[in-house]
Amino acid sequence: MKTLFLFIFVISSLFGSNVQKLEMQILSSVAHALVHKKYINVCIDDKNLENLKGYSKTLKFVSCDKADIVFTAEDSGMDKKCKTNIIFSTSYYLYSHSSVMTGAFFWQKGRPNIIFRKKQLKYLGINLPKNFNKYIE
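This structure is a prediction, so every number in the text was calculated from the model and none was measured.

Caption draft 1: Region of interest: the overall build of the protein chain. Counting its regular elements, the protein chain contains four helices and six strands. In the protein chain, the succession of α and β elements from N to C terminus is α-β-β-β-α-β-α-β-β-α. Considering only residue pairs separated by 6 or more positions, the protein chain has 40% of its internal contacts joining residues 24 or more positions apart. Of the roughly 8900 Å² of accessible surface on the protein chain, 56% is carried by carbon and sulfur atoms.

Written out as structure tokens, the structure reads:
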């Protein structure tokens, strides 16, 4: 019984690590598509993503007032207290109910989803790489 429990624990740890790496790769790709710098200052205001900070070499995790881009799950006045206008939601609900969100990254039916808001991209003067065009709405 102990062996089975240990086996399940090890497998779930490996799977969890892979999901975290995938999430960080997606966040990094989104950040680099929106902010054209080698090293990007990122603020993560989502408790579900806090543990991702060790997985990226090109993202520097900073406070909101120093960030180039903010990833958030809550609309707590981010557009007023952060220096950046690039605010990316980690919740579809927040994305759909807040016009200041540049886009969203969220999980639906076990799959990662990315959406960019065309109107906000145009307002901010951001041109995404061609491989992101299919995510613009």
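Caption draft 2: Fine view of the side chain of Thr102. Locating Thr102 in the fold gives a position in strand β5 (residues 101-108). In this structure Thr102 touches Leu34, Asn85, Ile86, Ile87, Phe88, Ile115, Phe116, Arg117, Gln120, Leu121 and Leu124, once residues within four positions along its chain are discounted.

Caption draft 3: Structural context of the pairing of β5. With six of eight residues buried, β5 lies mostly within the body of the structure. Two elements, strand β4 (residues 87-89) and β5, share three bridges in a ladder whose sense is parallel. For Ile87, the partnering residue across the bridge sits in β5 and is Met101. Handedness of the crossover joining β4 and β5 through helix α3 (residues 92-97) is recorded here as right-handed. Where β5 meets strand β6 (residues 111-116), six bridges bridge the pair, whose relative direction is antiparallel. Of the residues in β6, the one forming a bridge with Gln108 is Arg111.

Caption draft 4: Region of interest: the sheet that holds strand β1 (residues 40-45). Spatially, β2-β1-β3-β4-β5-β6 is the arrangement adopted by the six strands of the open sheet, whose pairing is mixed. The sheet is open, and its two edges are formed by β2 (59-61) and β6, each paired on a single side. Taken pair by pair, the neighbouring strands of this sheet meet at an average axis angle of 25 degrees, ignoring direction. With four bridges joining them, β1 and strand β3 (residues 69-72) adopt parallel strand pairing. Pairing of Ile44 across the sheet is with Phe71, part of β3.

Caption draft 5: Quick look at the environment of Val100. With respect to the helices and strands, Val100 occurs in the loop between α3 and β5. Val100 gets classed as partly exposed once you look at its relative accessible area, which sits at 23%.

Caption draft 6: Region of interest: the state of the cysteines. Enumeration according to the criterion identifies zero disulfides in this entry. Left unpaired, Cys43 is separated from the closest cysteine sulfur, that of Cys64, by 4.9 Å. Among the residues examined, Cys43 registers a relative accessible area of 8% and is labelled buried.

How each quantity is defined
- Residue positions are counted from 1 within each chain, in the order its sequence is given.
- Local features in a predicted model are, by the rule used here, given only for residues with pLDDT of at least 70; side-chain atom pairs are given and counted only at 80 or more, and totals for whole chains, interfaces and linings are based on all residues.
- Think of the side-chain values as coming from all heavy atoms in the structure, minus any hydrogens and water.
- Each helix is a run of H or I in the DSSP string that is no shorter than four residues. Each strand is a run of E no shorter than two, and both are numbered from the N terminus.
- Contacts between residues were defined by any pair of non-hydrogen atoms, one from each residue, lying within 4.5 Å.
- Note that accessible areas follow from Shrake-Rupley with a 1.4 Å probe, and for residues the cover is restricted to the protein chains shown.
- Accessible area is worked out with a 1.4 Å probe on protein chains only. A residue is then buried under 20% of its type maximum, exposed over 50%, and partly exposed in between.
- Pairing between strands is defined by DSSP: at least two bridges between them are needed.
- Crossovers are described as right-handed under a simple rule: with the strands pointing away from the observer, the path leading from the first strand over the helix to the second runs clockwise.
- The axes used here are C-alpha line fits, helices contributing only the stretch in contact, and every angle between their N-to-C directions lies in the interval 0 to 180 degrees.
- Throughout, disulfides are identified as pairs of cysteine sulfur atoms within 2.5 Å of each other.

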